[in-house]
Amino acid sequence: MWTRAVWLGLRASAGGRRGFPSKADPQGSRRVTAELIEHLERLALVDFGSQEAVARLEKAIAFADRLRAVDTDGVEPMESVLEDRCLYLRSDNVVEGNCAEELLQNSHRVVEEYFVAPPGNISWPKLDEKEPFSHC
Amino acid sequence: MATPVLRWCCPGRRWVFAGIGGVSRHGRGVPTGSTSSGKRGQSSVAQQPLITAQKPRKGEREWAAVVGLEIHAQIASNSKLFSGSQVDFAAPPNSLVSFFDASLPGTLPVLNRRCVEAAVMTGLALDCHINRRSLFDRKHYFYADLPAGYQITQQRLPIAVNGSLAYSVCVGKRRSQMVTRTARVKQIQLEQDSGKSLHDSLRSQTLIDLNRAGVGLLEVVLEPDMSCGEEAAAAVRELQLILQALGTSQANMAEGQLRVDANISVHNPGEPLGIRTEVKNLNSARFLAKAIDYEIQRQINELENGGKILNETRSFDYKLGCTVPMRDKEGKQDYRLMPEPNLPPLLLYDSGSLPPGTDPQQVINIDQLREQLPELPRVTREKLVQQYGMLPEHSFALLNEVGLLEFFQNVIKETRAEPKKVTSWVLNTFLGFLKQQNLAVSESPVTPSALAELLDLLDRKAISSSAAKQVTDVKKGNPRAINKLIGLVRRATLGRADPTVIKEVLERQLSS
């Protein structure tokens, strides 16, 4: 799903702070910079482990770029394929919850009835030094 | 280095800051600093000596501040925004969490009708344009109390836009004049609340409770139309009263139902706006104005000393009374906003556009909601002024205390005394008494009937006002005092009042 997120980010967008480096070439160069890879890895916590992975990303972007061949002048952008569906409204009744025990079973560590997490976000560079799934 | 005297103007109110960290006096319980004759008291925020320079120095610059607010109000609903788990402030940790709230794979959001109604009602009350079509987005960031890794919100096309919030501040030399100010409402959006993190620094871990995760929030964004802490606090207070009157949120800051973030910048009048900082964690009505004023002063000091303001996020440290940079932010946040793929657009209707033959449960009619809107505080106050000839300040005071208006109206119903007398007694003697005893109106030993009767006696000149005041004083005294009091009253009325009547009234008051 990150392909879509990346593609959406690369398009000029209204609202929302995307923060992607804007490409000078509107067609989009086929090369993805190391800077962008690092940025994506930090944002989405994905691992572009190899040059192969980066090449695959570039191919994916090129593939998506073909959409630009379609003339969409004067066409209202579609928000989702569910646009013509009715958004179902639920009545304000309490029908779920009360399953703390079940939920806590999913957690690596638990204290009383709380999930345990590290004291804060572990900054990305430090992840290189630590094992990915260790907790403090 | 001598502390420069800095001039900071709040429009409509020109005053000079003496020293650093001066704080605007706020009529609602913000701790007042020591007072110097005629000048604003300095708060205990900064440890700088108070310099009461009388004349502005040469080369002194004037500063103007702008304050914008992002207010998050928890929607008063039984269940959460996108799931059917309960909304409750105090419950065992993680007991009010559904599979969706815990972000287990395969779960989907289902929108709560009540939350949409709450948003529309609030939008109507703030004179907003209600968007007939609004959209949901995902705002991504990583934090342990956000299990999905994103928050469902309405950044791009929110449910309501372009409204206004009218509030009042006290101006003038003796702060006796009330003026109305307006802050534009940029938008109102529906969004999810996150869970709660309890930091355990001892064991270097954070405990996560997801009971709050997924609770519906109304985010009300106010444009930077406010210029100081007092105005911001007044705006927040008015919004609180509106939300409570509508029933859309209990808006209790102490219970975390109302949270405020402030965007603050300073500039020289006539020049472009300065760099803004965001101050988060303003969750106390008491410290709201103080924190904002501190930040304004901090920015002024920084710029006056040739420094620069960083576009950063800061937090208010209640113990130190100052704003501090928040550390857990690595560079600029990139929220990767994208449409929420699991929710179609939210469509709202009015009486004209309602499609025929639809299930009323599945459609929301804005016109219907508009008709059902309860009376807004502004209207209530206007009515009080018109009906009883009281000053606007009095109408504000009556609405400012929970249950006080009802108490007042009950007294009015039962007494023959003039409304102005009732107003004066309720706001001065009665309220003063409650404050002294640290009681809420609901805990008052004096009932409306008792006060009404007392005022009747006063009205008939059966007793004097000083005697009547003593009655309320006796409430905390011993029962024996009643005899003394009867004696006093008799003397005060020059023996005209019937002692049995006096005793009856007094006993009723003392025993209730």
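Scroll up to find the structure this text is about.
Heads up: these notes are all about the structure in this document. Source: prediction; values computed, not measured. (Residues numbered from 1 in each chain as written. Chains lettered and ligands numbered in written order. Predicted model: local features only at pLDDT ≥ 70, side-chain atom pairs only at ≥ 80, totals over all residues. Heavy atoms only, no water.)

1. Section: the overall build of chain A
Right, on to step 1. In terms of regular secondary structure, chain A is built from five helices and three strands.
Right, on to step 2. Counted from the first residue to the last, chain A has its helices and strands arranged as α-α-α-β-α-β-β-α.
Right, on to step 3. Every one of the 136 residues in chain A was classed for burial, and the buried ones make up 27%.
Right, on to step 4. For chain A, restricting intrachain contacts to residue pairs at least 6 apart in sequence, the fraction spanning at least 24 positions comes to 42%.
Right, on to step 5. Working note: accessible area of chain A is about 10,000 Å², and carbon and sulfur atoms make up 53% of it. (Helix = DSSP H or I, 4+ residues; strand = E, 2+ residues; numbered from the N terminus. Buried < 20%, exposed > 50% of the residue type's maximum accessible area, 1.4 Å probe, protein only. Contact = heavy atoms within 4.5 Å. Areas by Shrake-Rupley, 256 points an atom, 1.4 Å probe, with all protein chains shown as cover.)

2. A look at the packing of helix α8 (residues 419-437) of chain B against helix α9 (residues 448-459) of chain B
Residues and elements named next belong to chain B.
Right, on to step 1. Two elements in contact, α8 and α9, have axes whose closest approach is 11 Å; the angle formed by their N-to-C orientations is 125°. If you check the angle between α8 and α9, you find them oblique. Once α8 is placed against α9, the crossing between them reads as right-handed. Facing Lys 421, Val 422, Trp 425 and Val 426 of α8, the residues of α9 in contact are Leu 451, Leu 454, Leu 455 and Leu 458. (Axes fitted to C-alpha atoms, helices over the stretch in contact; angles between N-to-C directions. Parallel < 35°, antiparallel > 145°, perpendicular 65-115°, else oblique. Left-handed = near helix turned anticlockwise from the far one by under 90°.)

3. Here we look at the pairing of strand β9 (residues 137-140) of chain B
Put simply, side chains in a regular strand alternate between the two faces of the sheet.
All names here are of chain B.
Right, on to step 1. Along β9, one buried face is formed by Asp 137 and Lys 139 and the opposite face, lined by Arg 138 and His 140, is buried too.
Right, on to step 2. Sheet topology places β9 next to strand β10 (residues 150-153); four bridges connect them, and they run antiparallel. Across the sheet, Lys 139 pairs through a bridge with Gln 151, a residue of β10. (Pairing = 2+ DSSP bridges.)

4. Digging into the pattern of salt bridges
Residues and elements named next belong to chain B.
Right, on to step 1. On inspection of all chains with the given rule, the structure shows 23 salt bridges over all chains.
Right, on to step 2. Arg 259 is paired through a salt bridge with Asp 193; the nearest N and O atoms lie 2.5 Å apart. With Arg 259 in strand β16 (residues 258-267) and Asp 193 in the loop between β12 (177-192) and β13 (196-200), this residue pair connects regions lying 66 residues apart in the sequence.
Right, on to step 3. Arg 259 gets classed as buried once you look at its relative accessible area, which sits at 16%.
Right, on to step 4. A cluster of three or more residues bridged by salt bridges with shared partners is formed by Glu 295, Arg 298, Glu 312 and Arg 314. (Salt bridge = Lys/Arg side-chain N within 4 Å of Asp/Glu carboxyl O.)

5. Description of the side chain of A:Glu41
All names here are of chain A.
Right, on to step 1. With respect to the secondary-structure elements, Glu 41 resides in helix α2 (residues 34-44).
Right, on to step 2. Of the buried charged residues, Glu 41 lacks a salt bridge, with Arg 42 as the closest side chain of opposite charge at 8.6 Å.
Right, on to step 3. There is a polar contact of 2.8 Å between the side chain of Glu 41 and the backbone nitrogen of Phe 48. (Lys, Arg positive; Asp, Glu negative; His and termini not counted. Polar contact = N/O pair within 3.5 Å; in protein donor to acceptor, adjacent residues only side chain to side chain.)

6. Let's talk about α8(B)
Residue and element names in this part refer to chain B.
Right, on to step 1. End to end, α8 covers 25 Å across 19 residues, agreeing with the expected 27 Å (1.5 Å per residue, within 8%).
Right, on to step 2. At Val 426, α8 is bent by approximately 30°, the largest bend along its length.
Right, on to step 3. Buried within α8 we find Val 422, Thr 423, Trp 425, Val 426, Leu 427, Thr 429, Phe 430, Leu 431, Phe 433 and Leu 434.
Right, on to step 4. In the stretch just after α8, Asn 438 is the one whose phi turns positive, near 55°. (Expected span 1.5 Å × (residues − 1). Bend = angle between axes of the 7 residues up to and from the residue.)

7. Observations regarding the interface of chain A and chain B
Right, on to step 1. The interface is formed by 48 residues belonging to chain A together with 61 residues belonging to chain B.
Right, on to step 2. Taking both sides of the interface into account, the surface hidden between chain A and chain B amounts to around 4,800 Å²; carbon and sulfur atoms contribute 56%.
Right, on to step 3. For chain A, the biggest contributors to the area lost against chain B are A:Leu87, A:Leu89 and A:Arg90; these three give 16% of the whole.
Right, on to step 4. Scanning the region where chain A abuts chain B turns up one salt bridge.
Right, on to step 5. The tally of links between chain A and chain B comes to 22 residue pairs in polar contact (both at pLDDT 80 or more).
Right, on to step 6. For the side of chain A that touches chain B, the elements supplying multiple residues, two or more each, are α2, β1 (89-90), α4 (100-104) and β3 (114-117) of chain A.
Right, on to step 7. Residues belonging to the side of chain A that touches chain B are distributed by class as follows: 25 nonpolar, eleven polar and twelve charged. (Buried area = accessible area lost by both parts, 1.4 Å probe. Nonpolar A, V, L, I, M, F, W, Y, C, P; charged D, E, K, R; others polar.)

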